[in-house]
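The residues making up each chain are set out below.
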Amino acid sequence: MQKVIGRLGGCVPRVPPPAAFQRGGSRRKAGKRWGLCPPPARQFVEEGVRLCRPRALRLCDGSPAEGAALLSQLQAEGVLHPLPKYDNCWLARTDPRDVARVESRTVLVTERERDAIPPKPPGGGPQQLGNWMSPPAFEQAVQERFPGCMEGRTMYILPFSMGPVGSPLAKVGLQLTDSPYVAASMRIMTRVGPQTFPALARDDFIRCLHSVGRPLPLREPLVSQWPCDPARTLVAHLPDQRRIVSFGSGYGGNSLLGKKCFALRIASRLARDEGWLAEHMLILGVTDPAGKKRYVAAAFPSACGKTNLAMMTPALPGWRVHCVGDDIAWMKFDAEGRLRAINPESGFFGVAPGTSMRTNPNAMLTVRANTIFTNVGCTSDGGVYWEGIDQPVRPGTTLTSWLGQPWTPGDPQPCAHPNSRFCAPANQCPIMDPAWEDPEGVPIDAIIFGGRRPEGVPLVYEAFNWRHGVFVGSAMRSEATAAAEHTGRRLMHDPFAMRPFFGYNAGQYLAHWLAVGEREGARLPRIFHVNWFLRDGAGRFVWPGFGHNARVLAWICSRVAGEDNAKTTPVGLVPREDALDLDGLPGVSYADLFPVSRPFWEKEARELRRYYEENFGEDLPKEVMGELSALEERVKKM
Ligand code: OXD
Ligand code: MN
């Protein structure tokens, strides 16, 4: 493709004939808007048109009328089904082979393999920190997939901004896609429209090409009216060219290219080059009873409750939480040396199962209107249903599973797919922070890492300093979830919750974090690690979680305020027994929440050493290995 893009890129830009725009009243307007579209963007569209040969073009403007037209078209095509119980809500069912991010087919394309991933583990096991593809292999993969891939279909042209338009922290992209479902979802998740044109004129926008890979007429019938080509799926990133090329999947992070592909993989690489941070983190504001507000960013692996934490209703009287974002944070130092964060997205693409009025009332209130649900179950009275929704089904109402089959409670298979999602506009969340769209971002006082650790890892601990914090982030582990193609409850390493999202060599990523800590004049946030998921001998959670996590946030805020209320353990600083508010939590014991045992940490350190050696090899910064050795020494003295 490099060659192809190079060749096409060398052509004199030529405006596609207005006839290529969809028929109907909007054609003249579309042609006019096209005329205003900056030349580099038009040139990218022309390349895409010549390669993919769509039947028609549609330049998206982000308007409500366009949204309504897309949704009714999707309904007419049988892709979306209305959910009349709510206001403008829709249900999509995918081909059951296209239900999650496909990590094994997600690649970074760079000249040198070492720029993308650390050296392969000895013995040739699979590299867990990303996949590399050479430029010639990529070019061949493109030639095998893209020529004519949009025949008979409309190409949607989506100019979009990640971050508030005009923010110094925002970046723009242009996505070409033949999926109207993707176009409708991108309109929710990003800021689509001609307000991005001035930024597109700069030519440094991210070029995103996406096709479901099912030209018309079809050679094989679709499954669930959902076009995709799972056998040939490929999600490729070309960080040097600021390009993303995705084929074969129409779902989630594989196809909504602003999200994981741009805002994490490409952005992490830009952030390294430009001296900022693009992270898999929620952002929340927490206000204490005296009115003092702090902002916190938190990294958890996929489907570990980030959305629940970001929208939490505190169980501590007088405390309030506001949401800035639930998945991604872009953070840059300001002139005063404070780290300021924006949420680059404008919607939530949250995991549905487990979400309820008990676990996340704000999410439930957010998804009552203008939401696209995918792969959830539904009720015969036009509502949604999933495992853990905790809502009684009205008598006489029947249920249908995500596979479109009749379903009754107790059936062995779940009603909703475990990675079923809601895609909803962020501004519908009742607790969005007043500053969530502040172009300057919000000042971050604390960074939290976490994971699902059933044993051995305390409820919360603070890193001794930034360097130790980088080590703590690199050492994150969590039980696998359904967000990607992994199965089972096995513990997976997930450094910084970025394992599937690094846009460059993960060893260099750690070095970048270390360098951030050395920045002159930086007023660095404190770093913490939390674990809401400890279980007792009988397998029960020992911490009530959800709104009670505010108790942990309260301790974190006290540390940021400089309170002397921690005690030192070999793994980090934990709250003194009187410093964590456990009032009104019968049966919850401090000792159960803060297990720091020598055998557990010896084993953990051994496993970590093996993991570093096999996966990072010599690309692991020596400072991080030094922190592991220091942990081993402290544990030995326990
Ligand atoms: C997500 C993920 O979809 O992390 O946010 O997988
Ligand atoms: Mn995520």
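Residues numbered from 1 in each chain as written. Chains lettered and ligands numbered in written order. Predicted model: local features only at pLDDT ≥ 70, side-chain atom pairs only at ≥ 80, totals over all residues. Heavy atoms only, no water.

Participant: It is not clear to me how the overall build of the protein should be interpreted in this structure. Could you clarify?
Facilitator: The secondary structure content of the protein amounts to 18 helices and 31 strands. By the compact-globule yardstick of 26 Å for 638 residues, the protein fits well, its C-alpha radius of gyration being 24 Å. Referenced to the eigenvectors of the C-alpha coordinate spread, the extents of the protein come out at roughly 75 × 60 × 50 Å. When contacts within the protein are restricted to residue pairs at least 6 apart in sequence, long-range pairs at least 24 apart make up 75% of them. Of the roughly 24100 Å² of accessible surface on the protein, 52% is carried by carbon and sulfur atoms. In the protein, 76 positive and 65 negative side-chain charges are present, and the distance between their average locations comes to 5 Å. (Helix = DSSP H or I, 4+ residues; strand = E, 2+ residues; numbered from the N terminus. Rg over C-alpha atoms; globule rule 2.2 N^0.38 Å. Contact = heavy atoms within 4.5 Å. Areas by Shrake-Rupley, 256 points an atom, 1.4 Å probe, with all protein chains shown as cover. Lys, Arg positive; Asp, Glu negative; His and termini not counted. Charge placed at Lys NZ, Arg CZ, Asp CG, Glu CD.)

Participant: Could you clarify how one ought to interpret the coordination of the manganese ion (ligand 2) in this entry?
Facilitator: Each pair of donors in an ideal four-coordinate tetrahedral metal site encloses 109.5 degrees, whereas pairs in an ideal six-coordinate octahedral site enclose 90 or 180 degrees. The protein atoms that coordinate the manganese ion (ligand 2) are K260 (NZ), H280 (NE2) and D327 (OD), at distances of 2.2 Å. Going along the chain, you hit the donors of the manganese ion (ligand 2) in the pattern K-x19-H-x46-D. Remark: D327 occurs in the loop between β15 (320-325) and β16 (329-333) and H280 occurs in the loop between β12 (277-279) and β13 (281-287); sequence separation between them is 47 residues. Assigned by exposure class, H280 and D327 land together as buried. (Donors = N, O, S within 2.8 Å, 3.2 Å for Na, K, Ca; no water. Buried < 20%, exposed > 50% of the residue type's maximum accessible area, 1.4 Å probe, protein only.)

Participant: What's the story with the packing of helix α4 (residues 64-76) against helix α7 (residues 180-189) in this structure? I'm lost.
Facilitator: Helix-helix packing: each pair is described by the crossing angle between the helix axes and the interaxial distance. Between α4 and α7, the least distance of the axes is 10 Å, while the angle of their chain directions is 145°. For the pair α4 and α7, the sense of crossing is left-handed. Contacts between α4 and α7 involve P64, E66, G67, L70, L71, Q73 and L74 from the former and P180, Y181, A183, A184 and R187 from the latter. Of the residues belonging to the contact of α4 with α7, the class tally is 8 nonpolar, 2 polar and 2 charged. (Axes fitted to C-alpha atoms, helices over the stretch in contact; angles between N-to-C directions. Left-handed = near helix turned anticlockwise from the far one by under 90°. Nonpolar A, V, L, I, M, F, W, Y, C, P; charged D, E, K, R; others polar.)

Participant: What am I meant to see in the packing of aromatic side chains here?
Facilitator: For any pair of aromatic rings, the description rests on two quantities: the centre-to-centre distance and the angle between the ring planes. Under the defined criterion, the tally for this structure stands at 22 aromatic pairs. A connected cluster of aromatic rings, assembled from ring pairs, spans F449, W466, F496, F502, Y504, Y509 and W513. For the cation-ring pair, K260 lies above F501, with the distance from its terminal atom to the ring centre recorded as 4.5 Å. (Phe/Tyr/Trp six-rings, centres within 6.5 Å; stacked < 30°, edge-to-face > 60°. Lys NZ or Arg CZ within 6 Å of the ring centre and 35° of its normal.)

Participant: What is the right way to read the sheet that holds strand β23 (residues 406-407) from this model?
Facilitator: Reading across from one edge, β21-β20-β22-β23 is the order of the 4 strands in this open sheet, with antiparallel pairing throughout. Each edge of the open sheet carries a strand with a single partner, namely β21 (384-385) and β23. (Pairing = 2+ DSSP bridges.)

Participant: Just to check I follow, could you spell out the site of ligand 1 for this structure?
Facilitator: In the vicinity of ligand 1, 8 residues are found, and the nearest of them are R101, K260, H280, S302 and R421. One nitrogen or oxygen atom from the side chain of R101 is found 2.9 Å from an oxygen atom belonging to ligand 1. In the model, an oxygen atom of ligand 1 is placed 2.9 Å from a nitrogen or oxygen of the K260 side chain. In the complex, the protein chains occlude 92% of the 210 Å² of accessible area that ligand 1 would expose alone. (Near = heavy atom within 4 Å. Polar contact = N/O pair within 3.5 Å; in protein donor to acceptor, adjacent residues only side chain to side chain.)

Participant: Can you walk me through the environment of G35 in this structure?
Facilitator: Topologically, G35 is positioned in helix α2 (residues 27-36). Exposure remark for G35: the relative accessible area of 44% places this residue in the partly exposed category. A C-alpha to C-alpha distance of 43 Å links G35 and V384, two positions 349 residues apart in sequence.

Participant: When you look at helix α3 (residues 39-52) in this model, what are you seeing that I'm missing?
Facilitator: A turn of α-helix holds 3.6 residues, and therefore any two residues three or four places apart point the same way. Taking 1.5 Å as the rise per residue, α3 with 14 residues should run 20 Å; its terminal C-alpha atoms sit 20 Å apart, in good agreement. Of all 14 residues in α3, 11 are buried, a share of seventy percent or more. Among all positions of α3, only P40, A41, R42, Q43, F44, V45, E46, E47, G48, L51 and C52 are buried. Where α3 ends, the next residue or the one after it, R53, has phi of about 55°, a positive value. (Expected span 1.5 Å × (residues − 1).)

Participant: Explain unusual backbone geometry here, please?
Facilitator: Peptide bonds are mostly trans, and most non-glycine residues show a negative phi. Each neighbour pair has its own omega, and for L216 with P217 the value is -5°, a cis peptide bond. Its location among the elements puts P217 in the loop between β9 (206-211) and β10 (234-238). With phi around 60°, Q225 is a residue other than glycine that occupies positive phi space.

Participant: I would appreciate a short explanation of the nonpolar core in the present structure.
Facilitator: One finds W330, F373, F449, W513 and Y612 to be the most contacted residues of the largest nonpolar core, which totals 169 residues. Ranked by the residues each element gives to this core, the list is headed by helix α10 (residues 258-274), at 8 residues. Ignoring sequence-local partners within four residues, the contact set of F373 consists of L83, C89, W90, L91, A92, V367, V384, W386, R421 and F422. (Core = buried A, V, L, I, M, F, W, Y, C linked by side-chain atoms within 4.5 Å.)

Participant: Can you help me understand the environment of G275 in this one?
Facilitator: Structurally, G275 is set in the loop between α10 and β12. Assessed through its relative accessible area of 30%, G275 is described here as partly exposed. On a C-alpha basis, the gap between G275 and A515 in space is 9.1 Å, while along the polypeptide they are 240 residues apart. Beyond its immediate chain neighbours, meaning those up to four positions away, G275 contacts H512 and R519.

Participant: Can you help me understand α10 in this one?
Facilitator: Taking 1.5 Å of rise per residue, 17 residues should cover 24 Å, yet α10 covers just 19 Å from first to last C-alpha, more than 12% shy of that figure. The largest bend along α10 reaches roughly 45° and is located at A267. Along α10, 14 of the 17 residues are buried, which leaves the element largely enclosed by surrounding structure. (Bend = angle between axes of the 7 residues up to and from the residue.)

Participant: Explain the side chain of R93 here, please?
Facilitator: Relative to the helices and strands, R93 resides in the loop between β3 (90-92) and β4 (106-109). The buried charged residue R93 lacks any salt bridge partner; its closest oppositely charged side chain belongs to D381, at an N-O distance of 12 Å. (Salt bridge = Lys/Arg side-chain N within 4 Å of Asp/Glu carboxyl O.)

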